[in-house]
Amino acid sequence: MNLIATPSLFSTGQHLQGKEIERISRRIKDLESIFSDKKAYAALDAERVVYEVESYLPVPNNTEGGLFYGITTIKPGTVGNEYFMTKGHFHSIRNRAEIYFTVSGEGMLLLMDEKRQTRAEKMTPGSVHYIHANTAHRTANTGDVDFIFSAVWPADAGHDYDTIARHGFSKILVKQNGTPTLIDRS
Ligand code: S6P
Ligand code: ZN
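Residues numbered from 1 in each chain as written. Chains lettered and ligands numbered in written order. Predicted model: local features only at pLDDT ≥ 70, side-chain atom pairs only at ≥ 80, totals over all residues. Heavy atoms only, no water.

Some remarks on the overall build of the chain
Check the secondary structure of the chain and you find 2 helices and 15 strands. Along the first, second and third principal axes, the C-alpha atoms of the chain reach 65 × 35 × 30 Å. Within the span of the chain, comprising 186 residues, buried residues form 41% of the whole. Intrachain contacts of the chain at a sequence separation of at least 6 include 69% that bridge at least 24 residues. Summed over all atoms, the accessible surface of the chain reaches about 10000 Å², with 51% contributed by carbon and sulfur. In the chain, 21 positive and 22 negative side-chain charges are present, and the distance between their average locations comes to 3 Å. (Helix = DSSP H or I, 4+ residues; strand = E, 2+ residues; numbered from the N terminus. Buried < 20%, exposed > 50% of the residue type's maximum accessible area, 1.4 Å probe, protein only. Contact = heavy atoms within 4.5 Å. Areas by Shrake-Rupley, 256 points an atom, 1.4 Å probe, with all protein chains shown as cover. Lys, Arg positive; Asp, Glu negative; His and termini not counted. Charge placed at Lys NZ, Arg CZ, Asp CG, Glu CD.)

Describing the pairing of strand β13 (residues 147–154)
Across the 8 residues of β13, 7 count as buried, placing the element largely inside the fold. Summarising the sheet, strand β8 (residues 98–104) and β13 pair through 5 bridges and their orientation is antiparallel. By the bridge assignment, Ile99 is partnered in β13 with Val152. (Pairing = 2+ DSSP bridges.)

Some words on the coordination of the zinc ion (ligand 2)
Surrounding the zinc ion (ligand 2) are the protein donor atoms His89 (NE2), His91 (NE2), Glu98 (OE) and His137 (NE2), at 2.1 to 2.3 Å. Around the zinc ion (ligand 2) sit 6 donor atoms, and with donor-metal-donor angles ranging over 69 to 171° the site reads as octahedral. Along the chain, the residues donating to the zinc ion (ligand 2) are arranged with the sequence spacing H-x1-H-x6-E-x38-H. Taken together, the positions of His89 in the loop between β7 (82–83) and β8 and His137 in strand β12 (residues 135–141) put the pair 48 residues apart, joining distant regions of the chain. The pair His89 / His137 is uniform in exposure class, with both members buried. (Donors = N, O, S within 2.8 Å, 3.2 Å for Na, K, Ca; no water. Tetrahedral: all angles 85-135°; square planar, octahedral: opposite > 155°, others 65-115°.)

Things to note about the site of ligand 1
With respect to spatial proximity, 15 residues lie near ligand 1, and among them Tyr51, Thr72, Glu98, Tyr100 and Tyr161 are the closest. Within the contact set of ligand 1, an oxygen atom lies 3.5 Å away from a side-chain nitrogen or oxygen of His137. Expressed as a share of its isolated accessible area of 400 Å², the protein-covered part of ligand 1 is 97%. Contributing elements (two or more residues each) for the shell around ligand 1: β4 (49–56), β8 and β13. (Near = heavy atom within 4 Å. Polar contact = N/O pair within 3.5 Å; in protein donor to acceptor, adjacent residues only side chain to side chain.)

Here you go:
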């Protein structure tokens, strides 16, 4: 007899339904260290949601050989002239890579290596992005609507937020004459 198992997860492209889903909201008040314009930051509603992450964690954290899957939604907006963006992180185990896939909206993926060389890749619906090992990654919404992408990463990668909270990326993504522009951090 053939056994047909039902999948434990369903994705609408924007949301995940099923067991073992973790949901995280990051609000203005959670992101104090990442935006450059402190005055513009202080003027925003502290409760305003900047981004949400729904993650499917089918195995325990740190499982060697396991995979996690997540969908990130970044709201449109800016702090001063800097686009709404994620905290950004290196993986705690530095040699763990990751793949991003753009679902909808438009954004930018900032990639910084351990020598602090930063570059950016444009993210548009359908675009696939390979984040190499030893590379910090951060995404920003450069459009007027929700920017949504999915991600797959090793379950033992972990997240090192601290390095970015303390030193930031070497470049920031700002709106200049209406265009996303990568500039050196002053
Ligand atoms: C996890 C993966 C994403 C991010 C998410 C939010 O390795 O890179 O799921 O967690 O985009 O970004 P951050 O920097 O706040 O974790
Ligand atoms: Zn990651």
